[in-house]
Every structure is written in structure tokens, then in C-alpha cells.
Amino acid sequence: MYKRKFSGIRHRNTQSTSLSSNANVVKQSPVKKGAEREITTSAKENVHLVKESISNVEEDSLETRLLSQKKTKNKHQKPKTYFEEIIGKCGLLLHESDDTYVLGKDQAMFVKDLELELKKNMSYPSNIDEFFIGFEKYVSNSNDLKKALNQTKTSESCHTARSMQQDSLVRLLLLTPNLQARVAKFIIEKAAEYALSAVDDMGGDLDEAGWVRLILTQLRLLDFVVEGETLASQLIELLQAAPQSVQQEVIFFMPHIVSDDQHQDVAESLSKLLHEHLSLTPAILEVLSQLNIGSILRAKVCEEMLDVLRKAPVEFLPSIVAFVLSESELADLELVTARLRTVLDLTPMPPPPSRSVALSQKFSQSASTSKGVSGAKSTQSSYVILTLEAIGTRLKVGQRGQRLVDAWVTALDAVDSANAHKTLDLLIIIVLLDLGNGAHDRPKDKARHRKTETLLKAKVRKGLFTEELLEKTFMSQSAVLREYFRTVTLISSILLSSRETALLLFGAAWLRLSIIHLAEHLRPTALGELIMHTAIGRPDTANVVLKTLHSLAHEHYEKIAPHSILLLGLLDKVEDMDIEQVRDLMDVLCFLAFSKDDHRSGLRTDITILIRKHLSSTNIQLKRKGVITSIMAVKHMASVESECDMVVRGPSLPNTRASSGGSQASEESLVPGSKAANAVMFLELVLSTCGCYAEIIGLLYDQLSCMSMDADLDEKFMEWITKTMTYDFQDSFIDETSSNFESSVDLPLSVQFALDEDLVNPIALKLTPLVSQREERLGGPRISFGGRIVDEKVERPLEVMNPLLRLMRILRFRLEDGDLSSIDALLGCGVVLPKMLEQNGSDGVPVHEEFAAIGCMEQRTFLSSIIFAINWFIELVNAFTFQKDVLLKKKVMKRVMNIVELRGILSECLPQIPGYIPPASQYLCPTPVPSFASAGKDVKKGQKRKRKRANPGSKKSKKALPNSLAVGTQDPDDNESGGEERDEDAAGKDEEDLDENPKEGIGSKVHKSEQILSLMAPFFRELDVEVFILLREEFVIGQYTAESTRRRPSELGPPELKYLLEEYTLKLEHKLPSNPLIMSSKGNAGRMSPFGLLSGKKTSVFLNLDLHESKDIALSAVSLLPSICEKLERVSEYFQDAIDGCDGILDNPQMFLGHSPILARCFHLLFKDIEIILSWNGYAAMGSSGMRLLKDALSVTGGRLGAVRRPTQGTQSSMTAVQLAEESCSYFARFADWVVRLPAAVALVTLIHRATLLAESRLTQREELVKVCRTFLSREWIGIDGHPETGAGAAEHLGTIMTSFLWASCSEKKRDEWESTGSPLESLHRIIDEVALSAADLKSNADRLSAFPAITKTSFHVVFNALATWLELVVKEENIEPPARPTQTGNSQVRSTQMRATQSKFSQAVASQQAPTANIKLEWWEIVIKCIHSLVKISKIHDSRKNLSVLLKKSYSLVNLFLSNGMPVLDKAFSSHPQKVSSVLRELQTSTRYIQHLCCDCKVKKDVGLTAHVPVMKRVLDRLVFRVKEMLLKNNCAIAFWVGNLKNKNLRGEEIISQAVTRSPSLRENEESDVDNDMDADADEDVGGDEPLSDGSDQVAGPSSRKSKSKKKVVSDDDDEEDSDLPSDID
């Protein structure tokens, strides 16, 4: 056989040689181009055939030569094996050279021929062994094996092969069915041999991993697998035996080698290997994700990965996260993501020890994404990016992606603590928002984007995402955020587009931290975003962004300065900004332009041009802005750190010393061209252009004062200003008392309030003479702007006196290290004032009566003198409060007493001159002018005011200012007429009434005084926050006398305490805002926002206060808290003694005389101050220091109990904040018995409520709050005027107390609390029943509710509203099962058993450890329906519009909740408890009938407000009808449902007259399609019984009646319709 084979080959070679010679002839005789064109078609074909023959002959000759060479070479070698013979016969040419094997045909034909040759052998299948033995022998050495594993080369003579490179010899043998199993086993053994051998023993240029990779490539993606199970087991054995460097290669090839039937076995083996070699985790997880394995094993692996994720190296995180999110079941995604969020930690760690470089390279290549992380040396940030990319990729995959988005949103939403949030949460938010951050995103991505946006805003609002967390994220993940910078800017834009302060601050923080922590090339983009929102955003947005720019410029100058040119565009928006925004913007720009010596001449020039433009403008508001800009330029030019050499150039400036007050100071000490000289030139520019505007100069001095407080100014510059201002002040306003003071008006003058009368040459403030001159000038030439009157070219204007004093004392305070001895004479100097002030009450005639007898000009001069004097004393108190000299401290307290006295006189005189315009004291913005006439009039109880058209000065005509400082803007010319007529008879009658009723004496005056002085607040200078250190002084409650305060010693009495507390409370409310008490039956309220450091809106009343940070105010407030508590206890002792002295009568006459009205007001303010301090929402923003500060505050209040504290809690220092809050609640509750005014009661209840929240709503504290609220609701409150508290204000106060009472009674309780007090619903049910039983007692306005005697008929609506609101809250949260409790033992179990014996079956069931059953839920809903029925009964008795409105709104919500949550319970319980279900529905039907009548009644009365709720109410009642019918059909009780007749009735039970008309069919069709007609004809079908209601008069019909079995008739909406009734029982 072998001879025939080779002879055939020789014969073929002979023929090839002859053809080759012919081919040479053809090649040597080429044909010319012209001759080729004449060749015929047949000749061309012959030539083509000849060429093909030539090429075939050439190829055959090459193969012949190779065979002949090999035959010659092997002539003396052993003969070929059977393997070599068969392989050669099938077309594969084997040779010993290094070249690859040559395959003479297509590989498929080779495999087919090989299989055929083996099978046709006579010894088949034993010849397979001989063939395989020859194969093993042939590839016994490494070189031959390597050639067998490499691809073969296709023979040049073969034109049918698929390519020039074909499968290797081993691969071809594996594709042969008869050989696959043995060849596979052989090469796997070879792979194991090479894997376990040393590198030097292998030979060649391949390492162990390279050999294994080359061998396993042959097994990859075979067309078929003969023995799959054997092959899989062999691979597993190889995997287990191979070293770690080779195992990864084996793992990666497994999915492409084993068949689907073996995937499960391979997966189990890999999962076991996962525990033994954690370094193979990425490779194993990638392979497992490609295998078709069972859900149980997949879930098990996911669980194991979640367990090891916390400790896994950062390079493993992408593969683990990708596997967990991809392979988890859809139903488990929420649990998986929640746990993944818990265990996944992306915080940077130290670099791990050396690991397999091949593993890192392989993993990086397999997980690289479009974001791009190149190179094998990936950093930790790169792996974090890969992890987030893995998450983001899975979020985009179909249904699983949508479910994953929902799962992540749910997991993040479930975190309810700021401390529980971590960096990963913000990164997940970024990834989720990155899904919809594209121009071509799908609508689904947009929907996901909106959902994530809502989650982000909610987290920020609740204070769960803090700026501390954000900063931590930027510091640790800056590289990650750089990759997602586009999404970061999107988030900031979303937040900055909001109207909420917390969102604005958080959005600005994103951009601020981006500028600080991200790369240089990204800063212009982030800065541009800030500038854009400043230019086009709302005022609130602009304020926040400008504050952000300010902090960036001052704290990160080097990062902002290179991009300062971008800020120039904001100069064009200055005219559209308000004063505060201009200040913030110019502070930034001037700092960048003037504070450093670098090349920013363009910015400086633009600012200088803007200043000149604004100062030269005739627009007063632009002049104000020019002053602000000038002050900011001066601040940074005269700064010590400034190195600016810029000189203000322009025309020569006039000598402004004369216009500024004739200063005698010289500028010799100022070097021309220096910083100080340039700053002085700016000031002179302002004085020269604005000297004729008194308010502008006052603004200049005030702004210089603010600048001098915190700026680090050049000392020479401050000395020059100090000397100049001192000379100006002394020449303009101070004179010796020996001078002859004359007034241009008919008012006798005298020097008053002098404290230094023993001096030789005492000085005095010549106030009234200057005021009289001012009043005279007001009658001459003047211009009006902003509702104010401005003098024309007036030197030494009186309006600048107080600002000049403030500036002078601040500069001296800084230059003289806090010592003001050089100007302390001003504190004791007298004031020239009208003489009748000195005679106040001494001659028996009160000053306000003398005031009424003088002329109009004298009255105005008198009032203006008092106002200027008050502001003068306020600035003196501001200046000298911190002086250590004891005599000066006494003088300061005396000045406080003078302020209180003058304020009292002012409040009595102001109402007598209604057209009066007070002089301004704040110059930053125009001050609205109030109307004092209405504030001074007394409206007697029982009389109604006649409604009049609101005048321009009334509170209703203008938007109220913050803190009840509402004033109008009234034209001064309109106020001069009609204001002097007074009803003298009425005034006399009022005086007689006051004499007859002693309760109205002091109390009524105090009330009127508070009203007037509240309107005057914008016209008084502001008390500095440092002044309130006076609250530490000893509080003295002396005997009440009518003599002037000038004769009292310098002490802190009730009037002074009241004045200081009123001012302090306003400042605390402004700077320490708190979250509102959002009531919930869960027992918690609003959280502490991390952005509480931003105070309320700035007003002219708090300009100096706004210079301080909120945290500084909080620190000072906590330090004052011990003094506040001392004053609280002292006031409490006063009322305790007064009440005990009158046998416990709270409204005894002493409560309305003497200091009692004032102290009652102090009581209220003290409670309010403590509540503001404890409830500030900025403690969380301060981090750990803020919580320590809160604990310090609680330790003050909680430590006041002393020995009363429970001994188990230990010392105060060892107590927690919660324990201190518990003690504070007990401390505050002690004052409840001595509260005599309703506002103080509300303040105390709110304070205890806040403290209870800080105590985590413990049962003991809630019980104390319930007791206090019950006490206050049981009193008959008397007002400060001696009459019972009535009106809207009193009703609002009572509503607040009632709401806190319900919160403490019905909030969520622990399991052991349910045993003692019942469930929240049961507690509420008891209260509703209590109110329902006593509601009939309120027949007249004088009657009181027996359950709560504080409630009258006029205030009952607040109780009804609170009850309905709380019922809705309890039903919404559906607290059927209480929280888990620890197992009880011993006596506690016995006590719980005794308690349960007294509770209802429902309470006993829910208090046990069992889950709520259907029967328990049915009882719960039975109580809900009873509560609804009780509310309906109450509304029938008190059918006021407010009560009916509440019933209509809350009934819709309650019935809707019953449909969604209650009806499924009834469905389950119907079969076992039909009687109980029937009872529940019958009681509900009774309530819904009345609601139907209410809907009809409000439509007949055309009550627009109530009618708006009718359509939705009827719709939900219709749903209730069909839902009940559905329940009956499910339980085969359809016969119990039937329809009866009813008539529409109003609330009084009167039938609504029918308005039936005959309608055409087309009209009927149109009406039936109309939504409103369908609403008006709703049906109330319920389950029926044995017999219907005979009169059918209790229900309202609807469209469902058209489908009933009754006769058809044409009816209107008010005709009789059909309805249903409920049977007495259901069998």
C-alpha cells in the first residue's frame, strides 16, 4: 500500500516536470500589445488554461522537491509511523524544520478524510491506539509539540481552503470524533506537566502560563464535545493542581471549553476554589457570569461575595460589584443593593502588597470602559471609577436596569441619619444622574433622572446630605469626580435652580469644592457656572453664590486670581443687584484688584470707573451702591496685607474738610501715593460728590464702622480717620452746659440725663436746638426719594450724629486696645431736651397730656428729639458695655433705663400726631413710614370694627416685614391733613372704664406700647449683640412706683429686662432659625438641617447682627443660658408668691397691676429664648463641635434640677445628651403652674415639645407634655387687658397647644408603652369621643368645652381641625404593629399581664410578639370608622364653615385610605366575620350619607371654597360603592347588594326641590359625557339587606343609578335617585 502511494507521487512529479518546460517556453516568448488585440476569444481561453497549468506545475514541483529532500535525509532513518502515514495521506505535510506544517486542503476536508481513513482500516478501532501512539511519539519534544499547537499554513496549490492560515494539527485531531477524547486528555496532561515544571526545563520562549494558554486554546469553542463530563473533570483537576499563576488562565478558558451540561459542575468547583484562593476572585466571577448555572448556586455566590466585599482589595471591587448586580434575582435587587451599599467602602486605603501583575493586567483589560482607564498600573481611583462604571453599565440594561435604579433609590431613601450616609451615597447619586445626562438619552433615562433628582433634594432638605460629607467626598474621590465633572455641574445647576435655601447652599458647595479640589483646567468651567447663576438667577440664588465667591476669593486666592477676568462680566449686573449683593460682589472684586501687587490694572480701572459713575449719578440708589463700592475699595487698599501701588487719578478733588465737618486733622503723616493716601482720596471723592445727602453720608459712616470692625487696616489710615471724625463730631454736636441753648420753636429747653453733674465744665449734646433747625429746614427746599426727605447742601447734618459716634468709638477701641477712657465723658454727658420731659408727672400732668397742648411744629420737634436721644443712648450702650470700670457699668445700666423711659413716653405721644415721619436711623435702604394712629386706638371688647378701605399706611396694604415690623409707605404730604382730629368723648369714656376696671390699667398700656414700639423698630439704632451681656446683671423686682426711672438706682429691673429680652429674642429668631414642628404619629419632627447657618433675610433692622456668623451667636447664647434660667426662676417665684397670696387664683387683681404685666411678658420671652437656642437647626452643620455645644446647652437646663435628678444617671458630665434632654423636660414642666398668660403657655409647650424630641420622644417626657397641655387646655385664659382671650390669635395659640397634646398622646409608642396606654389610634379615639360627648355644651360664645375649658365656641374649630388632621396621620402611617421590644422577665412580665387585663383585645393583640392578623387589622379599621363617625357627629352639632371645610377635606383622604388599605382587610375577614364587616360598613355608610348631604348643600349655597372639593369627594364615594359590590361578588353574596331610592337633602334635612326638565337625547348624551354632571349624580350604593329604607331620604344619588333596575325617567341632578342600604345582618 505504502509503495503504490509513493509511486503515484513520482509519476505525478514526472508530468509536472514536462509541464514546467512548456511553461518556460511560454514565458520566454511574450506577445506584443498589438498582437494581443488580434487574438481570438478561444485563443485567450487557451492561454488562460496554460497559465493555470503552469502555476499548478510550479506548486507540485515545490512539494516534490521537499519530499525528495526528506526522503534523501531520512534514507538511513526509521520508517514512518502509522500516524505519519495517515496524516500525510490526508493532506498534511509534516517536516522537521522550524516552519509550520503545510495543509494541502481545507481543514474540514482534512478532518473528513482522516476520519474516513481511520474507519476503513481493517483493524478499526484498534488502529486508533496505533495512531495515537505515533502521535505521542511525534510530539514528544517541546519543539514538535509547539509546531503541532501552532496554526498550519495552507498549501499554495490549494484554492479551496478557507484562508492561508488554518487550525493547528492538535486542533484538527480534536475535531475528529474518534480522536478527541484521547487527544484532549493528552494535551491537558501536557498542560499540567508544563504548569508544574520549572521555566528552565520547558525550553523555548514560553513560560508556564504561555504553554497552558497555547494548549487550552486548542480546546476552545470546539464544534462538539465527545466526552464532556470527562473533559470537565480533567480541566478541574488541572485547575486544582496548577500553580496560582496558571489557574487564572485555566479559569478564563473554561466557559469556552466545557459544554452546557457541565456548567453547573464547573461552577461548583469554581465556587469552592473561591474560598481557597481569594486572589482569583475577579477571574472566577467573570467566568461564573458566563456559565449557565442554577439560581441557588448563583444566589449563594452572591451572598458570599457580599460577605467578603468589605475586606476585598480595591482592585477586586469592580468585578465583585458587577457580578452581584448582574447575577442577583430581580426580586432580591432591593435587598442586594441595600446590603451592597452597607458593605461597599470606597475610601482610599494604603496600597496593597504586591499581587499578580498578570491578574491586574487581565482585569484592567476586561473591565475597561468608555471613561477610559489605561495601563496596567491602575491606581485606587481608577478602580473606583471602574466600580462606578460597572454599576452604571448595569443600570442601563433593560428591565433589570430600571429595577436597579429603583432599588438604589430605595436603599438610599431608607437611610434616615446623616451619620449613616457615606461617600458611596453621593457617588451613586452621581452615577444615577449620569444616566439621563445626555442630549440623546431615552425617555426612560429622563424618568430615572427625575426620580434621582427628587431623592437628592429630599436628602438635602432633611439635612441627611451634609456639607461635611460632600467635602469628604471631594477630598477622597477627586479623580472620580473629575471623570464625572459634567454630572457634577449638572447637579449644582439643579440645586441652584431651586428656591429653597438648603438646596441653594448645597448646590453652591458642589461648585466651590470643585474649584478647590479638582484639576486646574476644570476651574474656569465651575467658576463660570457660579457667575452664570449670579447673573441670571433669582435674588436668593445670587446671594448664596456671592457668599460662595467671597469665601473662595479670601480662602483660596491663588485658585481664583488667575481667572478673575471672568468676574468682570458681573459689573454689568450691578445696577440690577440690591445693596447687599453689591457689597458682596465688590468685596470680592476689590480684594482681587487691590489686595495684591500683581498685574490686574484692567480690573482696577473698571472698578474706579464704576465708582465715579455711581457717585456722580442723580439716582439715590446708585449713589448708595457707589458708596458701598468705595468702602470695599478703601477696605482692601488700606489693608495691611495690601501691596497695591495704585493711585486714583482724575481731576483735582475739592477740599472736603469743610463739608465733612471742618476737621483740624492734617494729612502730613500720610505719604503721597501710599496705600493710606489712596484710601483717603477715595473717601474724599465720596464726600465731595454726596455731601448734600445726609443719608448718604450716614451710610458712609455706618459702612466705615462695619469695615473698621473686622478689616486689618493700616494704622496711619485709622489714626487719620479717628482724628478727623473726632474733630467733626465735637464741633458739630457737643457744647458746654454753660452755653445758652436756644430753640427756633417755642419749647423751653434744659440739660437732662446728665450723669456727671459734679464736673467743673460739663458738656452736653445740643440735641433739640439741632432738631429744631432740622424741622425748619424740612419746610424749605427739599427733595424726596425712597419715601424719605433729604436736605439740600446741609453741613453737619443731624442724621450722621449716631453713625459718626459709632465710627469714632470703634476706631478708638481698636487703636487704644479696647480702652475708651478718652471719650468716656460722652457716656455721662447730658442732653439738651424739651423741659417738659424733665417735669414728667412731677406737676401732676403726664407728659403726653402736655404734648397734646403744644403746636404741630413743637410736637414734631419733641418727637424727633426723643427719637434722636434714644438712638444716642443706644450707641452709648453699644460703646461702653465692655468697659471694665464699675462706674462706667453703672452708667451703662442707667442709659438702658433712660432708653426704656423715653420709649414709654414716645409710645404715648406718637398716636396723637398720625402724619409724623420719624427721622431715619438706618441708611442702607429706604425705611417705610408707619401709621401710628390705628395702633394707639383701643377697640373695646364686644364691639366690631367697621370695615374700611385699607389706607396706604395700614398693615394689610403692604407686605409685612420680618418679625412683625410691618409698616406702610405713606406720602408725607398726604399725612398732614386729617390726622389731628380726635374723639375726646371716647377718650374720656375709656379713661373712666380704666378707673372702674383696675385690671385694664397697666396691662392695657403695656399692650398699646408694644404695638407702637414694634412699628418704630426700623427707626431705632440697632443694639449690638455684645450688649446682652447685661442679662448677667442681678435682676431686681422692686415695688412699683410711678416716679421717673431717673430716680431709681442703676439696676436691672422688670422694664429693662423686658426691653433687653425683646431685642434679644428678635436677634435670636433672625440668626438661629429652627425647623418647623412637622407633626407625625411616628413621634419625630423636622430634622436639624446642616444648612441652618444661613440666617433669615437681611433687613435694615439687623445690619450689624448680620456681620456675625450664626455659630458665634449660638456660642454666646449658650454662654448666656445660665443667666436666662436664673431670670426665669426669679420671675416664676414672683408669680408663685402672687398666686399663693391670693389663694391660688390665677386672675387675681395683682396680675394686672404693678410689674405683673411686664413680668408676664418677660416669662414668655424667656421661654422663647430657650426654645430658640435648643431648636437651632445649625448644630448638625457644625459637626461634632455643634453637638457638643447642644449638649452644653442641655446640661445648663437639665442641671438646674439639682438633687431631683435620678441617681442612676450619675453626674452631669457623664450624662448623654438624651438624658440631659429628659432632665430639661422635667425642669421646664415645673413652671407650668405659674404661667398666667396664654402666649407664655404656648412658648412653654413648644419648649417642652422641642426638648421631648431631643429626648427621643420617651414615654416619660411625652406624659409630662400631655400633663402640661391638659393643664393649659383646662384653664380659662384672661388677656393682658383683663378680658377673656378671644380672637384669631388666641385660637391659634390654643390650636398649637392642642396639636402638641395630640402629638404627645398619639405618637408612635414602643411595645411596652402600648400595654400601658394603648395604641396611638386608641388614644386618639378616646380623645375624639371625649370631645364629641362635650361638644353639645357649646351653645353660646360664652360657653366652654367641658373636656377642655379653654376652648370656646369661637375657637372650637382649631380643636376639630387638630383631631381630623391627627386621625389622617395615624391612618396614613397605619401603626398596627408596635416596634419590637426585648424579652421581658420576672416582675415586668407580671406587670405587663396586669396591664393587658385592663386593655382592649386589640391592644392586647398588638402588644404581643405576634404579627397582626386579619382579625386585628379589622378591629383597627373598626376604630378608624368609629373616629370618622364621631367627627361627623361633631360637625352636625357645630356646622360652621371652618368645620365643614375640614370635614370635607379630611373625609376624602380617609375614605381613600380605607379603599386602598381597609377594603383588602374586609375582603379577607368577610368570610370569617361577616357580622363585624357588616357593622363597619353600616357605620361608614352613616357618615358618607352626611358627607353626601354636605356636598349637595354647599352646591346649593354656591359656596365656591367648599364646592371645589365636591367632585373628588363624590368620585371616591362612587369608588367605595363599587368596591363594596366587588367584595360581595367575591364572597358569593351579590344578592345582599341592592339599590333603593333617596332624595337629595341639605344639612338641615330639608329636601332639595327638584328642577326636572325634559331633555332631548342629544342633550342627555352631552350631559352624560360631561365630567361635572357625572360628579353631581354620584351614587352611594352599599350592600343591602332584608328590606330597603322606605322613605329613601338618607342618601345622594349618582350616575350608577342609571344602571339600576328602577324605571327609567328623565331627571335633573337634584331629582330623586336610587341608592342602596345596608342590612342588619348578612348570612
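Described in the following lines is the structure provided in the data block. (Residues numbered from 1 in each chain as written. Predicted model: local features only at pLDDT ≥ 70, side-chain atom pairs only at ≥ 80, totals over all residues. Heavy atoms only, no water.)

1. Some remarks on the sheet that holds strand E2 (residues 102–103)
- The 4 strands lie next to each other as E1-E2-E3-E4, forming an open sheet whose pairing is mixed. Edge positions in the sheet fall to strand E1 (92–93) and strand E4 (165–168), since each has one partner strand and no second.
- Across 2 bridges, E1 lies against E2 in antiparallel orientation. From the neighbouring strand, Leu92 faces E2, where its bridge partner is Leu103. (Pairing = 2+ DSSP bridges. Helix = DSSP H or I, 4+ residues; strand = E, 2+ residues; numbered from the N terminus.)

2. Description of the packing of helix H54 (residues 1287–1306) against helix H57 (residues 1356–1373)
- Two elements in contact, H54 and H57, have axes whose closest approach is 9 Å; the angle formed by their N-to-C orientations is 30°. Judged by the inter-axis angle, H54 sits roughly parallel to H57. The interaxial crossing formed by H54 with H57 has right-handed handedness. Taking contact as the criterion, the partners of Ala1291, Gly1295, Met1298, Thr1299, Leu1302, Trp1303 and Cys1306 in H54 are, on H57, His1357, Val1358, Val1359, Ala1362, Leu1363, Trp1366 and Val1370. (Axes fitted to C-alpha atoms, helices over the stretch in contact; angles between N-to-C directions. Parallel < 35°, antiparallel > 145°, perpendicular 65-115°, else oblique. Left-handed = near helix turned anticlockwise from the far one by under 90°. Contact = heavy atoms within 4.5 Å.)

3. Comments concerning unusual backbone geometry
- Here Tyr124 and Pro125 are connected by a cis peptide whose omega angle stands at 15°.
- You can see Pro125 is positioned in the loop between helix H5 (107–119) and helix H6 (127–138).
- Its identity is not glycine, yet Lys1502 carries a phi of approximately 60°, on the positive side.
- Locating Lys1502 in the fold gives a position in the loop between helix H62 (1474–1500) and helix H63 (1504–1507).
- Notably, Asn1532 is not glycine yet its phi reads approximately 55°, a positive angle.
- Of note, Asn1532 is situated in the loop between helix H64 (1510–1530) and strand E11 (1540–1542).
- Judged by its relative accessible area of 72%, Asn1532 falls in the exposed class. (Buried < 20%, exposed > 50% of the residue type's maximum accessible area, 1.4 Å probe, protein only.)

4. Concerning the packing of aromatic side chains
- Inspection of the entire model under this criterion finds 27 aromatic pairs.
- An angle of 75° between the planes, with centres 5.7 Å apart, marks the rings of Phe1301 and Phe1348 as edge-to-face. Of this pair, Phe1301 sits in helix H54 while Phe1348 sits in the loop between helix H56 (1320–1334) and H57, placing them 47 residues apart in sequence.
- Judged by relative accessible area, which is 1%, Phe1301 ranks as buried.
- Exposure remark for Phe1348: the relative accessible area of 0% places this residue in the buried category.
- Summarising the aromatic geometry, the rings of Trp1420 and Trp1421 are spaced 5.2 Å apart at their centres and angled 85° between planes, so their arrangement reads as edge-to-face.
- Taking relative accessible area as the criterion, Trp1420 reaches 1% and is therefore assigned buried. (Phe/Tyr/Trp six-rings, centres within 6.5 Å; stacked < 30°, edge-to-face > 60°.)

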